[in-house]
Amino acid sequence: MIGVVYLGNSPQTEERLKYLPGRKVTFAKTYKEAAEACKPHVKDEHFIVFYEKNVRTEDVTAITYLRKNCEGLYIILLTDPLTNEERQVYQQCGINDTLDPKATVTELNKKIQFISNRESVLFDTQVSKKRILRFQIPLWKRIFDIVCSSIGIILLSPVLLITAIAIKLESKGPVLFKSKRVGTNYKIFDFLKFRSMYIDAEERLKELSKSNNQYAEHNDAPEGETKSTITAPLGDEAEMMMLNMGMESEMMISDDETMLVGDDFVMAESDFNKQKEEENSNAFVKIENDPRVTKVGRFIRKYSIDELPQLFNILKGDMSVVGNRPLPLYEAEKLTVDSSIDRFMAPAGLTGLWQVEERGKGGNMSAEERKQLDITYGQTYNFKLDMKIIFRTLFAFVQKENV
């Protein structure tokens, strides 16, 4: 059950809220009145608070008070567009959403209905926590991860230092590359690698073609038809490439086109939907003989040295030594259907079942085969299987093929 409370002094907003179909709205003039109105009268009752933006300092005090004294609130700030600074301030003090203060009755009702339909997820209650299936790493595996990553960092510290110096000497740019990855429970974290590409990677992108993608279906475009120049980001360092590109695309986007904003791209919704249809069965992307890779990069990739900074991810708890490879955002987005969710209900790892199996096949493995191996590991992993994968990794880490 969800109640609605309005905190503000706008007669126009009050008038619109009075006409919400099937909703009783409580009107408050002070935040203490609003807090009193948000006390649940029945079990599991939640409240949506429409808060009219006023003076920032007063707003922060009011919203902080509501958060401290009331549970089960979803606070919507009625405001004109915020500056980046304002947005950060209001988010930190506890707002959940924003809405135009001139929103119509229909728009207000749609917002309330949207929240009501997701009540068990949006409100932080013990009931909702029990309903959400989440994977928790076993104690034995976490202890093993801490011990192994700590020993690895100490023993490999000379290699880490030499690699950092070599990268810095060969090309400009940071030593470490951070990208957003999706791991266990679809948790997003900063994934660490040694940088193995030039910082002007976008210029070298012109040398690549769709035929370089070993997972893609090679369908040539009809004569006279030009393929879109904006495709799914390529390679392990796709985020850097797309950010550097600055999205200086050859696409023409109309003013009323809906834009989708990801961690590493901005794309028109129509182009995204078209691309998604074309690539639905090609969720995993990898480039052969990538010309964007530096000389040091080729060496550290061949011997998997570029992966060593992930020992810090393991120590922190973002990953495990053995598990399913954490995926870039654009790849994980394609694996949210029921048949793929199980791969994220398992540890995210530095090495895993599909990596050792892929090397055994010379790097030739379809996206579906890889996904099924990830699911298999998630359903069957144990200490014995982890030791077997680690043993195979140690004897197969040298990639004889550029895969």
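Computed from a predicted structure; not experimentally measured.

Reading guide: rules and limits
- Residues numbered from 1 in each chain as written.
- Predicted model: local features only at pLDDT ≥ 70, side-chain atom pairs only at ≥ 80, totals over all residues.
- Heavy atoms only, no water.
- Helix = DSSP H or I, 4+ residues; strand = E, 2+ residues; numbered from the N terminus.
- Expected span 1.5 Å × (residues − 1).
- Buried < 20%, exposed > 50% of the residue type's maximum accessible area, 1.4 Å probe, protein only.
- Arc of directions from axis to C-beta.
- Polar contact = N/O pair within 3.5 Å; in protein donor to acceptor, adjacent residues only side chain to side chain.
- Pairing = 2+ DSSP bridges.
- Axes fitted to C-alpha atoms, helices over the stretch in contact; angles between N-to-C directions.
- Contact = heavy atoms within 4.5 Å.
- Phe/Tyr/Trp six-rings, centres within 6.5 Å; stacked < 30°, edge-to-face > 60°.
- Lys NZ or Arg CZ within 6 Å of the ring centre and 35° of its normal.
- Parallel < 35°, antiparallel > 145°, perpendicular 65-115°, else oblique.
- Right-handed = clockwise from strand over helix to strand, strands pointing away.
- Nonpolar A, V, L, I, M, F, W, Y, C, P; charged D, E, K, R; others polar.

## As for helix α18 (residues 383–394)
Line of reasoning, step 1. Look at α18: 17 Å from first C-alpha to last across 12 residues, which is about the 16 Å you get at 1.5 Å a residue.
Line of reasoning, step 2. Among all positions in α18, only Leu385, Asp386, Ile389, Ile390 and Thr393 are buried. Down the axis of α18, the buried side of the element spans an arc of 135°, and every buried residue falls inside it. Exposed residues lying more than 90 degrees from the buried face of α18 are Lys384, Lys388, Phe391 and Leu394.
Line of reasoning, step 3. Sitting at the amino-terminal end of α18 is asparagine 382, which places a side-chain oxygen 3.1 Å from the backbone nitrogen of lysine 384.

## Some words on the sheet that holds strand β1 (residues 2–7)
Line of reasoning, step 1. On the basis of which strands lie adjacent, the open sheet formed by 5 strands has the order β2-β1-β3-β4-β5 and parallel pairing. The two strands at the open ends of the sheet, each matched to only one other strand, are β2 (25–28) and β5 (97–99). Here the strands of the sheet are splayed against their neighbours by 25° on average, with no regard to which way each runs.
Line of reasoning, step 2. The sheet contact formed by β1 and β2 spans 4 bridges and is parallel. In the strand pairing of β2, valine 4 is matched with valine 25.
Line of reasoning, step 3. Its contacts with the sheet put helix α5 (residues 105–117) on β1, β3 (46–52), β4 (73–78) and β5, and the angle it makes with β3 is roughly 145°.

## Brief notes about the packing of aromatic side chains
Line of reasoning, step 1. What the rule picks out here adds up to 8 aromatic pairs.
Line of reasoning, step 2. With centroids separated by 4.1 Å and ring planes inclined at 25°, the aromatic side chains of tyrosine 186 and phenylalanine 344 adopt a geometry described as stacked. With a gap of 158 residues between them, tyrosine 186 in the loop between β6 (176–182) and β7 (188–194) and phenylalanine 344 in the loop between α15 (329–332) and β12 (349–351) connect regions that are remote in the sequence.
Line of reasoning, step 3. Here tyrosine 186 falls in the partly exposed class, since its relative accessible area comes to 26%.
Line of reasoning, step 4. A relative accessible area of 1% means that phenylalanine 344 is categorised as buried.
Line of reasoning, step 5. Ring centres of phenylalanine 299 and tyrosine 303 lie 4.9 Å apart, and the angle between their planes is 50°; this geometry places the pair in the tilted category.
Line of reasoning, step 6. Assessed through its relative accessible area of 46%, phenylalanine 299 is described here as partly exposed.
Line of reasoning, step 7. Take tyrosine 303: its relative accessible area is 30%, and that puts it in the partly exposed class.
Line of reasoning, step 8. A network of ring pairs unites the aromatic residues Trp140, Phe144 and Phe383 as a single cluster.
Line of reasoning, step 9. The positively charged end of arginine 343 is found above the aromatic ring belonging to phenylalanine 344, 4.8 Å away from the centroid.

## Structural notes on the environment of tyrosine 381
Line of reasoning, step 1. For tyrosine 381, the position within the fold is in the loop between α17 (367–380) and α18.
Line of reasoning, step 2. Linking tyrosine 381 and alanine 346, residues 35 residues apart in sequence, is a C-alpha distance of 8.7 Å.
Line of reasoning, step 3. Among all residues touching tyrosine 381, those that are not within four sequence positions of it are Phe135, Pro138, Trp140, Lys141, Pro347 and Asp386.

## Overview of the packing of helix α8 (residues 139–155) against helix α9 (residues 157–170)
Line of reasoning, step 1. Close contact between α8 and α9 brings their axes to 4 Å; oriented N to C, the two are set at 60°. Classified by the interaxial angle, the pair formed by α8 and α9 is oblique. Touching Ile153, Ile154 and Leu155 of α8 are Ser157, Pro158 and Leu160, all from α9.

## Re the environment of lysine 295
Line of reasoning, step 1. Residue position: lysine 295 is located in helix α13 (residues 295–302).
Line of reasoning, step 2. Considering only alpha carbons, one finds lysine 295 and methionine 197, 98 residues apart in sequence, at a separation of 8.9 Å.
Line of reasoning, step 3. When residues no more than four places from it in sequence are discounted, the contact partners of lysine 295 are Glu170 and Tyr198.

## Here we look at the sheet that holds β6
Line of reasoning, step 1. In spatial order, the strands read β7-β6-β11; together these 3 strands make up an open sheet with antiparallel pairing. Each edge of the open sheet is held by one strand with a lone partner, namely β7 and β11 (327–328).
Line of reasoning, step 2. The pairing of β6 with β7 spans 7 bridges and is classified as antiparallel. When the bridges of β7 are listed, serine 179 appears paired with phenylalanine 191.

## Comments concerning the pairing of β1
Line of reasoning, step 1. Counting buried positions over the 6 residues of β1 gives 6, a clear majority of the element.
Line of reasoning, step 2. The side-chain alternation of β1 yields two buried faces, one formed by Ile2, Val4 and Tyr6 and the other by Gly3, Val5 and Leu7.
Line of reasoning, step 3. Relative to β3, β1 runs parallel, the two sharing 6 bridges. From the neighbouring strand, glycine 3 faces β3, where its bridge partner is phenylalanine 47.
Line of reasoning, step 4. Handedness of the crossover joining β1 and β2 through helix α1 (residues 11–18): right-handed.

## Focus: the packing of helix α3 (residues 56–69) against helix α4 (residues 84–93)
Line of reasoning, step 1. Running from N to C, α3 and α4 cross one another at 25°; their axes reach a closest spacing of 8 Å. Viewed along their axes, α3 and α4 adopt a mutual orientation that is roughly parallel. Counted together, Arg56, Asp59, Val60, Ile63, Thr64 and Arg67 of α3 and Glu85, Glu86, Val89, Tyr90 and Cys93 of α4 form the full contact between these two elements.
Line of reasoning, step 2. Considering only residue class, the contact of α3 with α4 consists of 5 nonpolar, 1 polar and 5 charged.

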